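# Working through the structure, step by step
Read off the chains here:
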Amino acid sequence: MQRAQALAQQHRCDTCHNPDFSGKENVPRIANQREDYLARTLAEYKDNSRTGYDASMADVMAPVTPGQIADLAYFLARVR
């Protein structure tokens, strides 16, 4: 959990998704989503296969490793 929380801070997830990851305006809530959904979505942003969304997420996800994606998905799924 601490490792993923540090990753979320490092990549400034709270800038767009709010400090509690609740989302705002056209930015989705990522807190308390299903872990498998978060992992798949983050991986799709990373490999640029998720279409119809802001390309800035691909830039954010570029340096994130698959293991870090799993950590982030685990963490975000448990944020209440």
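Residues numbered from 1 in each chain as written. Predicted model: local features only at pLDDT ≥ 70, side-chain atom pairs only at ≥ 80, totals over all residues. Heavy atoms only, no water.

### Overview of the overall build of the chain
- Of regular secondary structure, the chain possesses five helices and zero strands.
- Order of helices (α) and strands (β) in the chain, N terminus to C terminus: α-α-α-α-α.
- For the chain, the spread of C-alpha atoms along the principal axes amounts to about 30 × 30 × 20 Å.
- Put simply, the chain has 80 residues, and 35% of those count as buried.
- The long-range fraction of contacts in the chain, counting pairs at least 24 apart against all pairs at least 6 apart in sequence, stands at 56%.
- Total accessible area on the chain is roughly 5,300 Å²; 50% of this is exposed by carbon and sulfur atoms. (Helix = DSSP H or I, 4+ residues; strand = E, 2+ residues; numbered from the N terminus. Buried < 20%, exposed > 50% of the residue type's maximum accessible area, 1.4 Å probe, protein only. Contact = heavy atoms within 4.5 Å. Areas by Shrake-Rupley, 256 points an atom, 1.4 Å probe, with all protein chains shown as cover.)

### Quick word on unusual backbone geometry
- Here the phi dihedral of Arg-12 falls at roughly 55 degrees; this positive angle occurs in a residue that is not glycine.
- The class of Arg-12 is exposed, set by a relative accessible area of 58%.
- Positive phi, close to 65 degrees, is recorded for Asn-48, a residue that is not glycine.
- Mapped onto the elements, Asn-48 comes out in the loop between α3 (35-46) and α4 (56-61).

### Re the nonpolar core
- Phe-21, Met-61 and Phe-75 are the most contacted members of the largest nonpolar core, which totals 20 residues.
- Sorting the residues of this core by element identifies α1 (2-10), α3, α4 and α5 (66-77) as the ones contributing at least two each.
- For this core, the element with the highest residue contribution is α5, accounting for six residues.
- Residue contacts for Phe-75: discarding those within four places in its chain leaves Met-1, Ala-4, Gln-5, Ala-8 and Phe-21. (Core = buried A, V, L, I, M, F, W, Y, C linked by side-chain atoms within 4.5 Å.)

### Section: the packing of α3 against α5
- Interhelical geometry of α3 versus α5 gives an angle of 140 degrees and a closest axis separation of 8 Å. One element, α3, and the other, α5, form an angle in the oblique class. With respect to the hand of their crossing, α3 and α5 are arranged in right-handed fashion. Across the interface between the two elements, Glu-35, Leu-38, Ala-39, Leu-42, Ala-43 and Lys-46 from α3 touch Ile-69, Ala-70, Leu-72, Ala-73, Tyr-74, Leu-76 and Ala-77 from α5. (Axes fitted to C-alpha atoms, helices over the stretch in contact; angles between N-to-C directions. Parallel < 35°, antiparallel > 145°, perpendicular 65-115°, else oblique. Left-handed = near helix turned anticlockwise from the far one by under 90°.)

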